[in-house]
Amino acid sequence: RAKSAGGNRFELADPEADARAITRHGLTTALPAALERDEFFIEYQPLVHLGDGSVRGAEALVRWLHPQHGVLGPDRFIPLAEHTGLIVPLGRWVLEQSVRQAREWRERHGAAGPLRINVNLSPCQLTHPGLVQDTVDILERAGVEPDALCLEVTESALIGADDDLLKPLRRLAEMGVDIALDDFGTGYSNLANLRRLPVSILKLDRSFTQGMQQFPADPVDLKIVEGIVSLAHSLDLAVTVEGVETGAQAEQLRILGCDTAQGWYYARPGPPDRLHDLALVDATG
Ligand code: C2E
Ligand code: MG
Ligand code: MG
Ligand code: MG
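Quick look at the structure, then. (Residues numbered from 1 in each chain as written. Chains lettered and ligands numbered in written order. Predicted model: local features only at pLDDT ≥ 70, side-chain atom pairs only at ≥ 80, totals over all residues. Heavy atoms only, no water.)

## Focus: the side chain of Glu152
The topology assignment puts Glu152 in strand S5 (residues 149-154). At 2.7 Å, the side chain of Glu152 forms a polar contact with the side chain of Lys203. In this view, Glu152 contacts Glu59, Asn118, Val119, Asn120, Leu121, Ala180, Asp182 and Lys203; residues no more than four positions away in its chain are not counted. (Helix = DSSP H or I, 4+ residues; strand = E, 2+ residues; numbered from the N terminus. Polar contact = N/O pair within 3.5 Å; in protein donor to acceptor, adjacent residues only side chain to side chain. Contact = heavy atoms within 4.5 Å.)

## Topic: the coordination of the magnesium ion (ligand 3)
The protein atoms donating to the magnesium ion (ligand 3) are Asp182 (OD), Asp183 (OD) and Glu242 (OE), with metal-donor distances spanning 1.8 to 2.6 Å. Along the chain, the residues donating to the magnesium ion (ligand 3) are arranged with the sequence spacing D-D-x58-E. The metal-metal distance between the magnesium ion (ligand 3) and the magnesium ion (ligand 2) comes to 3.6 Å, with Asp182 coordinating both. Pair noted here: Asp183 is in strand S6 (residues 178-184) and Glu242 is in the loop between strand S8 (238-241) and helix H10 (247-255), with a separation of 59 residues, a long-range link. Residue class for Asp183 comes out partly exposed when judged on its relative accessible area of 25%. (Donors = N, O, S within 2.8 Å, 3.2 Å for Na, K, Ca; no water. Buried < 20%, exposed > 50% of the residue type's maximum accessible area, 1.4 Å probe, protein only.)

## Things to note about the site of ligand 1
Within the structure, ligand 1 sits among 23 residues, and Arg63, Asn120, Asp182, Glu245 and Trp264 are positioned closest to it. Gln45 has a polar side-chain atom sitting 3.0 Å from a nitrogen atom of ligand 1. Protein chains bury 85% of the 800 Å² of accessible surface belonging to ligand 1 in isolation. Of all the secondary structure elements, the ones that give two or more residues to the shell around ligand 1 are strand S2 (55-66), helix H2 (74-84) and S6. (Near = heavy atom within 4 Å. Areas by Shrake-Rupley, 256 points an atom, 1.4 Å probe, with all protein chains shown as cover.)

Printed below as a string of structure tokens:
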């Protein structure tokens, strides 16, 4: 922001912005090698049935163990990977790892383990022509049935989607893969539009769950969630809630008719072994 002494020339001096830009640039250029060097890893967060508290599945959440910066969350690098196209091979890697993990849970624990795996898809993966075939191949290689997989697509990625964009999702849904509408309620999609989408699950955004934090909950939030749940159920969609941090929220959301929940109240995202321990505890106790 310093104005140079000599008159009409301005110099930008914002070292923090510089550092951010350098990091962003540095991270972007480091991404391809990171994939080759296996610096990414996946944490799993249980999906819990609100009716009986059993672990039904898990969401796969990718992280980057950066050699200098330590563990980076997806918000730091997914947008960069989307920008450069690396999201396609990275997303394929996440899918393959997650599906194999689901296979391992099943082999070791049968019905007592988490049965389903949720994997996030970015909009760039949706428009990539290899999506359906890659998914089929990955499931076949792992020996996992399509109905064990749920692909999460954000509401905003599907707003205004035309038929070409929906076609691969439709094909996956016909094969038995579940499609979930992630972060539902944050976009401005036309609710009637839901009928066109090949989705079977709505994942209600964390912002709604936050309104249930106090007891009694915010009455407007209650009404909104109640309305979304009844609309979803009337369209044969299951409702999953994210960001459940307290027992009061879980109870409130259960009463409102939500089907499945996910959040720190049950477990933070963690390594795969922790997840099947949780599933076993609840199967035996
Ligand atoms: P998301 O799919 O909506 O995932 C839920 C996010 O909420 C995760 O953040 C999770 O750690 C966090 N979370 C879970 N329970 C709680 C809670 O009780 N309280 C709070 N405050 N947060 C909770 P995370 O892991 O940082 O992931 C952020 C986003 O990055 C994800 O949002 C998803 O959109 C994206 N993402 C993660 N993994 C992948 C991936 O493999 N591919 C793509 N394309 N996107 C991914
Ligand atoms: Mg998700
Ligand atoms: Mg979500
Ligand atoms: Mg979210």
